[in-house]
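# Summary of structural features
The lines below spell out each chain.
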Amino acid sequence: MTVWQQGAVLDLKIDTLNHTGDGVARWQGRVVFVPDAVPGDRLRVRLQHVKPQYANGVLLEVLERSPQRVRPACIVADKCGGCQWQCIDYHAQLAAKEQLVKEAIARIGQLQPQAFLPILAAPSPLGYRNKVTYPLARRHGQVVAGYYQKGSHRIVNLNQCPVQDPRLNPLLATLKADLQPWPVYDESTGSPGLRHLGLRIGQRTGEQLITLVLAGDLPPHLEGQAQRWYDQFAAVVGVCVNINSQRGNRIFGSQTRVLAGQLYLREVLAGIEFHVGATTFFQVNTAQAEQLIQTLEAWLALSGTEHLLDLYCGIGTLSLPLARSAARVTGVECHPDSVTQAIATARHNGLTNTEFICAVAEEWLPHWCNAVDVLLLDPPRKGCDRAVLDAILGQRPPRIVYVSCHPATLARDLGYLCQAGAYQLAKVQPLDMFPQTAHVETIALLTAT
């Protein structure tokens, strides 16, 4: 049997972790990617999806445990697809994320920052998520809720989750039991029913929000159940329903209505009070979002004379705290509801030096004529459109802060901005927004040359 082929079994030593969270091993000049692996492990692995220079592997047996391998906090961590790294010591997780950012900037961006700062660890590597959204299904007549098993659409049933805020755990088991009488969505047939259960908490206020995602019409008596939950749980300030009847993996639809209480919870972030709804984009780790804002404040040291432009501003999570130290803030966001929320939040917090515009960044920025002192970029995972980068190079704001959740697209965009000598990469700061996963947040500061 040729060893390098589908189904072959190899004994391998795991060297590092990659950006998807898999362990990386090497065998005779080839690379094998192994899920559930820890650097330093010696593993017995079966090869799958074999290519000439790399393959994926399935872990069969741990032959020698790495010192960095730990007991997961979750009893279903080996099955659940929600976390990749619960079996890895937290300090090793941080080191791996820091290395991922360094390698991306050097290899993809072809850059060497003037300062690469140590990763900012999360105060709590467990219990940090302020939002969870669980798919629902019916199994053996019972409603189940949880995350999908790795590589499948089979739900791993949960009654609690160690990475969500522990104050949400009492809701999960109770709500699952109470949902038994109602129809549950079947993704194979598209039959109407309940398809997701969403829970949110304001970690600074303690307020909680329940959201049911529904395909089809509101079932009879569900509104009465919502009122009972609202009365039963003192911290719950609202029970909502979101309508999404479209097939596919998109969680939320465009229509949300309140069944009991109110449509939002209050959260305080960096001294600013936000109203966070069922579908509002808001950082899932409140403590780390505050560390991020504190880093921006320290780096920028705004004196009250600067004009700051925030592209991809969302509801103003980053720009509204910074507005307290700036002369003027302009935010640009393509989602109308987010712009409406940002305007209302600024008014609610007494910030009169802000303006929020509903526009697509790549269409709007090339026509922006006003000079700004600081440009703040916080794009989605795909990074900035080339039209945005070209407009930046044409306008040359003196300082750019780029916040990213994807090291590869961050490095690509930084490299493009720096390649012609218009900017230099002054600082890079990784930040662990998502412990127990391979995801890493990064802040980068560019200064005009």
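Attention here is on the structure that accompanies the text. Keep in mind that this is a model prediction, so the values were computed, not measured.

### A short note on the overall build of the chain
Helices and strands together make up the secondary structure of the chain, namely nine helices and 22 strands. Its C-alpha atoms give the chain a radius of gyration of 23 Å, within 12% of the compact-globule value 22 Å for 449 residues. Dimensions of the chain along its principal axes, counting C-alpha atoms only, are 65 × 65 × 35 Å. For the chain, with 449 residues in total, the buried portion stands at 53%. Here the analysis covers contacts within the chain between residues at least 6 apart in sequence; of these, 63% occur between residues at least 24 apart. Charge-centre separation for the chain: the mean point of 40 positive side chains lies 6 Å from the mean point of 37 negative side chains.

### Some remarks on unusual backbone geometry
Located in the positive-phi region is histidine 49, a residue other than glycine, with phi close to 50°. With respect to the helices and strands, the residue histidine 49 is situated in the loop between strand E4 (42–48) and strand E5 (54–64). Unlike most non-glycine residues, tyrosine 312 shows phi in positive territory, near 60°. Judged by relative accessible area, which is 16%, tyrosine 312 ranks as buried.

### Topic: the pairing of strand E18 (residues 354–358)
Working note: regular strand, side chains alternate between the two faces of the sheet. When strand E17 (residues 328–333) meets E18, the two strands line up parallel, connected through five bridges. Bridging across to E18, glycine 331 finds its partner in phenylalanine 356. For the crossover from E17 across helix H6 (residues 336–348) to E18, the handedness is right-handed.

### Here's the deal with the sheet that holds strand E20 (residues 399–404)
Strand order in the open sheet formed by eight strands is E6-E21-E22-E20-E19-E16-E17-E18, with mixed pairing between adjacent strands. Two strands in the sheet have a free side with no partner beyond their single neighbour: strand E6 (115–116) and E18. Bridging between strand E19 (residues 374–377) and E20 involves four bridges; their strand directions are parallel. Each residue of the ladder has a partner; that of leucine 375, found in E20, is isoleucine 400. Along the sheet, helix H1 (residues 90–107) contacts E6, strand E21 (423–431) and strand E22 (441–448); its crossing angle with E21, the most-contacted strand, is approximately 160°.

### Topic: the pattern of salt bridges
If the charged atoms of two oppositely charged side chains come close together, the side chains can form a pair. Tallying each qualifying case throughout the model produces 17 salt bridges. Aspartate 11 is the salt-bridge partner of arginine 44, the closest N and O atoms lying 2.8 Å from each other. Of this pair, arginine 44 sits in strand E4 while aspartate 11 sits in strand E1 (residues 9–17), and the two are 33 residues apart along the sequence. Classification of arginine 44 as partly exposed rests on a relative accessible area of 30%. The class of aspartate 11 is partly exposed, set by a relative accessible area of 39%. Note that arginine 412 is salt-bridged to aspartate 413, the shortest N-O span being 2.9 Å. The buried category is assigned to aspartate 413, whose relative accessible area is 1%. In the salt-bridge network here, residues are joined through shared partners; they are Asp11, Arg44 and Glu61.

### Here's the deal with the sheet that holds strand E2 (residues 23–27)
If you trace the five strands once around the closed barrel, you get E1-E2-E3-E5-E4, paired in mixed fashion. Averaged over all pairs of adjacent strands, the angle between their axes in this sheet comes to 50°, without regard to strand direction.

Criteria and cut-off values
Residues numbered from 1 in each chain as written. Predicted model: local features only at pLDDT ≥ 70, side-chain atom pairs only at ≥ 80, totals over all residues. Heavy atoms only, no water. Helix = DSSP H or I, 4+ residues; strand = E, 2+ residues; numbered from the N terminus. Rg over C-alpha atoms; globule rule 2.2 N^0.38 Å. Buried < 20%, exposed > 50% of the residue type's maximum accessible area, 1.4 Å probe, protein only. Contact = heavy atoms within 4.5 Å. Lys, Arg positive; Asp, Glu negative; His and termini not counted. Charge placed at Lys NZ, Arg CZ, Asp CG, Glu CD. Pairing = 2+ DSSP bridges. Right-handed = clockwise from strand over helix to strand, strands pointing away. Axes fitted to C-alpha atoms, helices over the stretch in contact; angles between N-to-C directions. Salt bridge = Lys/Arg side-chain N within 4 Å of Asp/Glu carboxyl O.

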